[in-house]
Amino acid sequence: MYVLEYDEYLENDKESRKKKRGDILEGNISIEQVTFSQKVDEDISPLSRYIYKFSHIEAIIKVDQIIDEYSLYAFSSLSDDIILIEFENAVNYIIGDRVFVIGSLELSNIT
């Protein structure tokens, strides 16, 4: 999938489509390109800041599984399931840590 504009996307071998309010998009939510993170003592919160029409996100997550020094799975208010978090720099969080992150909200495998 390729995003042409914030409301238009293109899938392989198909015509571009516009998203409309109320459309249901299925896929995997992740927070990628995390450029800043810091351990905090706060609970998981709803989206702290999400800038409309852009993928910038600031949120608090709770670490559930460590993949490697750049990636982990965490609980977030974004989903009922764990989501992938990918960092630009190596991190050293442990399971159970609550972490404030600033990154890019992504949706992949849209159907």
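Just above, that's the structure.
Keep in mind the model is a prediction, meaning the values are calculated, not measured.

The rules behind each value
The residue numbering used here restarts from 1 in each chain and proceeds along that chain's sequence as written. Where totals are concerned, whole chains, interfaces and linings use all residues; where local detail is concerned, this predicted model gives features only for residues with pLDDT of at least 70, and gives and counts side-chain atom pairs only at 80 or more. Side-chain calculation: all heavy atoms of the structure are included, whereas hydrogens and water are not. A run of H or I in DSSP becomes a helix once it reaches four residues, and a run of E becomes a strand once it reaches two; helices and strands are each numbered from the N terminus. Polar contact is defined as a pair of N or O atoms within 3.5 Å, subject to the rule that within protein one atom must be able to donate a hydrogen and the other to accept it, and that residues adjacent in sequence are counted only when both atoms are side-chain atoms. Aromatic rings from Phe, Tyr and Trp, taking only the six-membered ring of Trp, are treated as a pair when their centres fall within 6.5 Å; an angle between ring planes under 30 degrees marks them as stacked, one over 60 as edge-to-face, and anything in between as tilted. Note on classification: 1.4 Å probe, protein chains only; a residue is buried when its accessible area is under 20% of the maximum for its type, exposed when over 50%, partly exposed between these limits.

## A word on the side chain of Ser-37
Along the chain, Ser-37 falls in strand E4 (residues 28-40). A polar side-chain atom of Ser-37 sits 2.7 Å from a polar atom in the side chain of Tyr-93.

## Quick notes on the packing of aromatic side chains
Under the counting rule described, the total for this entry stands at two aromatic pairs. Judged by centre distance (6.2 Å) and plane angle (65°), the ring pair of Phe-36 and Phe-100 falls under edge-to-face. Here Phe-36, found in strand E4, pairs with Phe-100, found in strand E9 (residues 98-108); they are 64 residues apart in sequence, far enough to count as distant. According to the relative accessible area criterion, Phe-36 is partly exposed, its value standing at 36%. Assessed through its relative accessible area of 19%, Phe-100 is described here as buried. Ring geometry for Phe-87 and Tyr-93: centres 6.1 Å apart, planes at 45°, overall tilted. As far as burial versus exposure is concerned, Phe-87 and Tyr-93 are alike and both buried.

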